[in-house]
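# Coordinate analysis (summary)
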Amino acid sequence: MARSVSALSLATALTALAVLPFAAGVYYAFAHDGGQAAPALHWLLAYLATIVSFTGGVQWGRMLAAKQAPAQDMVMAVVPALIAWPALLISQPWPFFMLLAALVIAWLADENGARQGWQGRGFLQLRRLITLIVAACMVAIGWRVLRG
């Protein structure tokens, strides 16, 4: 008989897998000289845009499942994606800063969701941790690229 796994446990495991490319990017950036570290930043900016967009979809799903979908919260959930995708089309260094801002806005939307009742506390703690880890990885890679 299959053992049941809680949704939060599964989300935690999948989140750990999702952070691996960021950790690999940090390794790649520091294993090479600064000029060769730039591709890691480029790859991870696109990945971060995808993650931020996915987060907005998760937020919409949680709001709709809780039957609490205030218009302001739904708009706030898509703002990070509306920042992230155009950021990929402009020249450096703006994408870096725009995507970090989008990540923080997505996290703030989850914080708001906890106050509004459509976001669970356990998931929120996971989001806080993953936001900190991803932001730290991106800053480390950006620093490495700038330092050369």
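Up top is the structure these notes are about.
Here's a quick rundown of the structure. (Residues numbered from 1 in each chain as written. Predicted model: local features only at pLDDT ≥ 70, side-chain atom pairs only at ≥ 80, totals over all residues. Heavy atoms only, no water.)

### With respect to the overall build of the chain
Rule in force here: Per the convention used, a helix needs a DSSP run of H or I reaching at least four residues, while a strand needs a run of E reaching at least two, with both numbered from the N terminus. The globule rule used for comparison is 2.2 Å times the number of residues to the exponent 0.38, while the radius of gyration itself is calculated over C-alpha atoms. Each residue's exposure class comes from its accessible area (1.4 Å probe, protein chains only) as a fraction of the maximum for that residue type: buried when under 20%, exposed when over 50%, partly exposed otherwise. Contacts: residue pairs with any heavy atoms within 4.5 Å of one another. To measure how exposed things are, a 1.4 Å probe is used in the Shrake-Rupley method; for residues, cover is taken only from the protein chains shown. Charge counting follows a simple rule: Lys and Arg are positive, Asp and Glu are negative, and His as well as the terminal groups are ignored. To locate a charge, the coordinates of NZ of Lys, CZ of Arg, CG of Asp or CD of Glu are taken.
When its secondary structure is counted, the chain shows five helices and zero strands. Mapped from its N terminus to its C terminus, the chain presents α and β elements in the order α-α-α-α-α. For the chain, whose C-alpha radius of gyration is 16 Å, the value lies close to the compact-globule estimate of 15 Å for 148 residues. In terms of principal-axis extent, the alpha carbons of the chain reach across some 50 × 40 × 20 Å. A buried classification covers 35% of the 148 residues belonging to the chain. Taking the contacts inside the chain whose residues are at least 6 apart along the sequence as the reference set, 70% of them involve residues at least 24 apart. Surface accessibility of the chain: about 8,500 Å² in total, with carbon and sulfur atoms responsible for 71%. A distance of 7 Å separates the average location of the 9 positive side-chain charges in the chain from that of its 4 negative side-chain charges.

### Quick look at helix α3 (residues 71–87)
Keep this limit in mind: Multiplying one less than the number of residues by 1.5 Å gives the expected span of a helix. A residue's bend is simply the angle between two axes: one fitted to the seven residues ending at it, one to the seven starting at it.
The end-to-end C-alpha distance of α3 is 25 Å, a good match for the 24 Å that 17 residues give at a rise of 1.5 Å each. A bend of about 25 degrees at V78 is the largest found in α3, and the proline P80 appears one to four places after it. Taken as a whole, α3 has its buried residues at D73, M74, A77, P80, A81, A84 and A87. Against α2 (34–65) and α4 (94–116) lie the buried residues of α3.

### What about the environment of A7?
Tracing the chain through its elements places A7 in helix α1 (residues 7–31). Among the residues examined, A7 registers a relative accessible area of 65% and is labelled exposed. For the pair A7 and F123, spaced 116 residues apart in sequence, the C-alpha separation works out to 9.4 Å.

### Let's talk about the packing of α1 against α2
Put simply, the rule is: Axis definition: a line fitted to C-alpha atoms, over the contacting stretch in the case of helices. Angles run 0 to 180 degrees between N-to-C directions. In this scheme, roughly parallel covers angles under 35 degrees and roughly antiparallel covers those over 145, while 65 to 115 is roughly perpendicular and the rest are oblique. By definition, any crossing whose near helix is turned counterclockwise from its far helix by less than a right angle is left-handed, and any crossing with a clockwise turn is right-handed.
Close contact between α1 and α2 brings their axes to 8 Å; oriented N to C, the two are set at 165 degrees. Considering the angle they form, α1 stands roughly antiparallel to α2. Considering how the two elements wind past one another, α1 and α2 form a crossing that is left-handed. On α2, the residues touching A18, P21, F22, G25, Y28 and A29 of α1 are Q36, A37, A40, W43, L44, Y47 and L48.

### Notes on the side chain of Q59
Position of Q59 among the secondary structure elements: in helix α2. When sequence neighbours within four positions are dropped, the list of residues in contact with Q59 reads A77, A106, A109, D110 and W118.

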